[in-house]
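# Descriptive structure summary
Here is how the chains run, residue by residue.
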Amino acid sequence: MSFPPALLELLVLCLGLALLLVESFTEKQDRTLLAYIGMVGLGVIFLILQLLPPGPTGMASYVFDPVAIFFKKFVVLTTIIVLIMSVDYATTIQRFVPGISSQAGLGEFFAIPILTCAGMMWMASAIDFILIFVSLELVTISFYVLVAFMRRNASSLEAGVKYLILSAFSTGFFAYGAAWIFGVTGNTNLVRIQQVLPALGAENYSAILFGALLVLVGLGFKIAAAPFQFWVPDVYQGAPTPITAFLSVGSKAVGFIVLLRVVQAFQSLPPVGDKVVAALIILAAATLIYGNLAALPQTNLKRLLAYSSIGHAGYLLMAVAGISARDSGQAVVIYLAAYLLMTLLSFLILIIVSNYADGDEIVNFNGLSQRSPLLAFGLLVAMMSLAGVPFTAGFLGKFLVFKVAYESQQFVLLALGIITVGCGFYYYLKVVRAMYWQSAASNGATIPVSGLSFATIVLLVLFTFLLGIFPQMATGLLR
Amino acid sequence: MVQDYLPILLQVIVAIGFAGVALLASVVLGRVGRRNPTKDSAYECGMIAKGEPQPRFSVKFYLVAMLFILFDIELVFMYPWAVAYRDYIATYNAWTIFGSMFGFVFILMVGFVYAIKKGALDWKR
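The following refers to the structure shown. All of these numbers come straight from a predicted model, not from anything done at the bench. (Residues numbered from 1 in each chain as written. Chains lettered and ligands numbered in written order. Predicted model: local features only at pLDDT ≥ 70, side-chain atom pairs only at ≥ 80, totals over all residues.)

Quick look at the overall build of chain B now. Looking only at helices and strands, chain B features 4 helices and 0 strands. Here the C-alpha atoms of chain B give a radius of gyration of 28 Å, more than 25% beyond the 14 Å that 2.2 N^0.38 yields for 125 residues. Here chain B holds 125 residues, and 0% of them are scored as buried. (Helix = DSSP H or I, 4+ residues; strand = E, 2+ residues; numbered from the N terminus. Rg over C-alpha atoms; globule rule 2.2 N^0.38 Å. Buried ≥ 20, exposed ≤ 12 C-beta atoms within 10 Å, placed from the backbone.)

What follows concerns the environment of M342(A). Residues and elements named next belong to chain A. On the secondary structure map, M342 appears in helix 13 (residues 328-357). Judged by the 29 C-beta atoms lying within 10 Å of it, M342 is buried. Residues M342 and G378, spaced 36 residues apart in sequence, show a C-alpha to C-alpha distance of 9.4 Å. Non-local contacts of M342, meaning those with residues more than four positions away in its chain, are made with A382, S385, L386, A393, G394 and T464. (Contact = placed C-beta atoms within 7 Å.)

In this section: helix 4 (residues 94-117) of chain B. An α-helical segment advances 3.6 residues per turn. Residues three or four places apart therefore align on the same side. Compared with the 34 Å implied by 1.5 Å per residue over 24 residues, the 34 Å span of helix 4 of chain B between its first and last C-alpha is a close match. Positive phi shows up at G119(B), right after helix 4 of chain B, with a value of about 80°. (Expected span 1.5 Å × (residues − 1).)

The next subject is unusual backbone geometry. All names here are of chain A. Looking along the chain, the bond that leaves A226 and enters P227 is cis, with omega of 0°. Position of P227 relative to the elements: it lies in the loop between helix 8 (205-222) and helix 9 (232-238). Here the phi dihedral of Q409 falls at roughly 60°; this positive angle occurs in a residue that is not glycine. Turning to its location among the elements, Q409 is positioned in the loop between helix 16 (393-407) and helix 17 (411-437).

Moving on, we get to the environment of S453(A). Residues and elements named next belong to chain A. Its location among the elements puts S453 in helix 18 (residues 451-469). For S453, a count of 20 C-beta atoms within 10 Å gives the class buried. C-alpha of S453 to C-alpha of I81: the two residues are 372 residues apart in sequence and 9.0 Å apart in space. If we skip the residues at most four places from it in the chain, S453 touches I84, D88, L348 and I352.

A few words on the nonpolar core. All names here are of chain A. Membership of the largest hydrophobic core comes to 186 residues, with the highest contact counts inside it found for M123, V320, Y335 and L345. In terms of residue count, helix 13 provides more of this core than any other element does, 22 residues in total. Non-local contacts of Y335, meaning those with residues more than four positions away in its chain, are made with Y315, L316, A319, G397, L400 and V401. (Core = buried A, V, L, I, M, F, W, Y, C linked by C-beta atoms within 7 Å.)

So, in structure tokens, the structure goes:
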């Protein structure tokens with residue numbers, strides 16, 4: 001097979017650019033067509049990824065290993081589902097974007113996520129600080145546009161400004177940390193850094209640790225780990241809902257792959273590597289406690305999901321902190337796969353219901369089981385999986401994370417994790433209670449669901465169960 | 001080595017000191033003498049001040065400024081590329097360096113076409 005894997009990102013980039021050009025040259029065409037073209041194009045990319053075997057790429061800063069392939073498939077799939085959500089969300093976008101035609105701005109709303117996807121795919125393969133930095137910028141800059149997209153909506157603009165300032169701030173931390181590491185090791189390539197580190201003298205340890213911690217802070221912002229999480233609730237609530245889903249799934253996942261690769265590189269120097277792991281443990285503990293406790297009093301589902309996304313970052317950090325255990329990377333991957341299924345499922349249903357009810361409070365879900373049994377069941381499965389009920393994908397993810405914590409002897413973290421899962425049950429089941437035990441306040445009409453969204457919901461529910469019942473399926477993800 | 005920074009410290013002290021003294025002096029001297037409405041009006045080089053302190057610009061100005069910066073930075077990247085070009089093709093494959101710049105300019109060109117089609121340079125709209 002002579003297909004160079006690095007071409008995939010370029011293809012995705014060209015797809016996004018082509019959509020932008022089509023958008024600017026056709027004026028009367030229905031804009032949702034662009035979203036469908038994007039979905040089909042990304043579907044083709046997904047198939048190519050399925051066929052390509054991992055192997056050497058001949059490039060120093062770009063790898064094509066099983067982890068990179070998994071994350072590439074992950075972000076392509078996420079982008080496809082985000083596009084499906086965006087089609088459902090189009091009416092809300094049209095309401096808040098002024099323009100000459102009624103569909104002004106929609107084409108860009110469908111094209112820019114594809115550019116973000118290209119950036120995320122690059123991040124999945126990047127093992128050089130410079131490539132990581134550039135692809136990170138491609139991701140965040142396109143997110144600046146997307147978060148503030150509804151420019152007649154004050155909360156979307158507020159979210160955009162907050163995201164802009166804090167993202168730029170965290171990128172600064174990341175670049176500064178990379179500069180320190182470069183200053184000590186003379187390398188920006190993570191593989192080379194890993195080789196050079198053991199030969200360093202003890203006088204360099206504090207400098208290299210400083211650099212590593214700065215990089216950790218920069219990535220902490222991206223993956224929404226406490227204490228760098230304060231931007232999350234407002235940005236997630238203000239952004240257009242499909243973009244919130246994209247941020248909480250895609251952006252977080254690529255943050256974690258970079259984190260895994262960076263932490264792995266520093267393990268070759270135990271005096272520094274151990275301190276980095278200690279910092280990760282503190283981050284994980286703070287994130288678990290903050291994310292789960294702050295989610296308890298929430299009454300808005302979108303905001304609740306934002307806090308839940310912080311909480312899940314805590315569990316993922318637990319797995320990264322157990323890097324000494326053999327299955328640490330695998331636990332992160334499987335947890336993220338489960339996280340993709342359940343989070344996108346809940347956001348998809350949130351969009352459909354809030355479009356209809358004109359609000360994303362939990363109250364809007366009252367009596368949903370009588371009005372639309374399918375949507376209620378889908379959200380029930382998503383909430384069960386997020387809480388970690390057995391036979392759902394979320395349970396498998398949590399089980400593997402706790403196993404890693406046990407094997408690497410992080411017993412305090414393990415105890416914290418189990419306690420916070422208990423918190424999770426309370427706030428996730430609050431939504432279930434509203435849907436099944438409260439009666440609807442106003443109209444009891446069935447909520448219309450488009451065929452594409454219906455199929456997506458069914459597939460996501462199916463895979464949530466499949467992954468939970470047949471865990472051996474998950475190990476195939478990393479082949 | 002630390003002594004080398006003494007002049008900088010001195011300069012900082014002088015800067016802060018001068019600002020403090022100037023502010024203090026204006027407050028102290030302002031209390032002396034009689035006041036009247038003309039004296040209390042904003043000082044504007046003999047002209048009577050009118051209008052808002054920050055007049056509003058058409059958003060087109062910002063649009064043009066943004067596009068200018070975008071294509072200005074493009075040229076900033078092109079200079080080092082052009083300088084390194086001859087040395088690079090002597091040892092490496094010429095298509096790599098040519099293709100990189102071609103891709104970069106192509107992406108910018110898409111942006112340029114998009115901006116023109118959207119009427120970003122159309123001042124009448």
